[in-house]
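What the coordinates show
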Amino acid sequence: MATETATPSVSLADVRAARERMRGSVYESPCSRSERLSKTTGLEIYLKLENLQMTGSFKERGALNKIATLTPEQASRGVIAASAGNHAQGVAYHATKRGIPATIVMPVQTPLVKVTATRNFGAEVVLHGANYDEAYAEAKRLCELKGMTFVHPFDDPAVIAGQGVIGLEMLDQVPGLEAVVIPIGGGGLTSGIAVALKETNPKIQVVGVQTARLASMKAAVEAGHHVTLDAATTIADGIAVRRAGDVTLPIAEQYVDRIVTVEEDEIASAILVLLEREKTLAEGAGATALAAVMQHKTGLPPGTRTAVLVSGGNIDVTLLSRIIERGLVKDGRLIRLRIHLLDKPGALAELTELIAAHRINIVDTLYNRAYYDVNLGDTAIDITMEARGPEHVAELLAALTERGFRHQRVQ
């Protein structure tokens, strides 16, 4: 995929200049070795934790570099962006810190928590449109009308260079770095990091990861031209981009070694692993790189010294609770059974005693006589239980069968 063609629009010198421009204004996030993930994946894994930034995402790096390049006249007129999440907060935070007026256009249906966070960082929020495309069009209109500077979330050389500083940091933090795995949406993050790494050491492998539901960069690279995909919903909403950038696509074609995709359940599993084993919180987009590593999709040989980018941690708590529950189900630690009983005194007590004897905890029950094709004189109970894993569940199922309890799993 990578080719030596035209000079990219962003150079290593641009990234180094961005680093100096931003020095002291952005947190140099840690990139520490994970012993557990290294054993699990067979790679030597280092996690670059951009979820620890002030705004919870890498996005503020590119926003800051763009803002820092403004002339005094441009700064006085203010900046504007369209975003429903991380980019909005990054622009708002760093513009406000420099006394620059910031306007963010967000879709009308943007969750209140994101609108509030953006306002709290000092921006004026304009709610417009049913989706990002409509918000983007309104932001461009206001930009022209008021003479502001538009800060694109990914398709801008200054923004790309700002994100590329992450690559320079990883080179310093991981001696002998051999590969990086990075989430891709529109391509700004991956392009910047790829330039920083490949122009420093062309042998470093750059692997991009997209959600299978919106793999626009992968489709464009394979087709050799831009491809606009249909809209789709995904828990990786931070990289749910329908079309790769005009600036970012040529860089990806030149410097990204391969792009792979991950499924929704794989992303959810990676979020859960990061939370439970690494004690770090990632949003859907932020966990896609680890998802690819965990599912052995990167194509990297065993033992490769690999930096995995956790790009953000701004996840809705209700979504997180659902992800945790689904993850427990997938791991065999949460199970729901429908068990048929004789409708007589003591039948339920006999069942619960058997469950308790196997040290399995009952979380929820639903008792029913009228549904599920229950015979007259019988009843059925749906029981949700916590177990240690699939083997523990198998022991219970064998015991239920031995004692004559008719049962089935409920999805």
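In short, a report on the structure. Here the structure is a predicted model, which means the values were calculated and not measured. (Residues numbered from 1 in each chain as written. Predicted model: local features only at pLDDT ≥ 70, side-chain atom pairs only at ≥ 80, totals over all residues. Heavy atoms only, no water.)

In terms of burial, helix α9 (residues 188–198) is a largely internal element, eleven of the eleven residues being buried. For α9, the full list of buried residues reads G188, L189, T190, S191, G192, I193, A194, V195, A196, L197 and K198. Buried residues along α9 sit in contact with α1 (12–22), α8 (157–173), β7 (179–183), β8 (205–211), α11 (248–255) and β10 (305–310). (Buried < 20%, exposed > 50% of the residue type's maximum accessible area, 1.4 Å probe, protein only. Helix = DSSP H or I, 4+ residues; strand = E, 2+ residues; numbered from the N terminus. Contact = heavy atoms within 4.5 Å.)

Right, let's talk about the side chain of T149 for a bit. Note on placement: T149 falls in strand β6 (residues 149–150). Setting aside residues up to four positions removed in sequence, T149 forms contacts with K66, L70, Q74, G78, V79, I80 and C143.

This part is about the pairing of strand β4 (residues 102–106). With five of five residues buried, β4 is to be regarded as a mostly interior element. Burial along β4 is two-sided: the face carrying A102, I104 and M106 and the face carrying T103 and V105 are both buried. With four bridges connecting them, strand β3 (residues 79–82) and β4 associate as parallel partners. In the sheet register, A81 faces β4, and the bridge partner there is I104. Tracing the backbone out of β3, into helix α5 (residues 86–97) and back to the parallel element β4 gives a crossover that is right-handed. Handedness of the β-α-β unit built from β4, helix α6 (residues 112–120) and strand β5 (residues 124–127) comes out right-handed. (Pairing = 2+ DSSP bridges. Right-handed = clockwise from strand over helix to strand, strands pointing away.)

Our focus in this paragraph is unusual backbone geometry. At K279, a position not held by glycine, the phi torsion is positive, near 55°. Tracing the backbone shows K279 in the loop between α12 (264–277) and α13 (288–294). A positive phi is found at H296, a non-glycine position, where the angle reads about 55°. Within the secondary structure, H296 is located in the loop between α13 and β10.

Tracing the backbone through its elements, the reader meets K114 in helix α6. By relative accessible area, K114 is classed as partly exposed at 22%. Considering only alpha carbons, one finds K114 and A212, 98 residues apart in sequence, at a separation of 25 Å. Once you skip the residues sitting within four places of it in the chain, K114 turns out to touch A84, G85, M106 and D237.

Next up on the list: the nonpolar core. Counting residues in each nonpolar core, the largest one holds 41 residues, and the members touching the most others are V15, M170, L177, V180, I193 and M217. Elements represented by at least two residues in this core include exactly α1, α8, β7, α9, α10 (216–223), α11 and β10. In this structure V15 touches V10, A161, G164, V165, L168, G192, V195 and A196, once residues within four positions along its chain are discounted. (Core = buried A, V, L, I, M, F, W, Y, C linked by side-chain atoms within 4.5 Å.)

Function-wise, these values are silent; they only describe arrangement.
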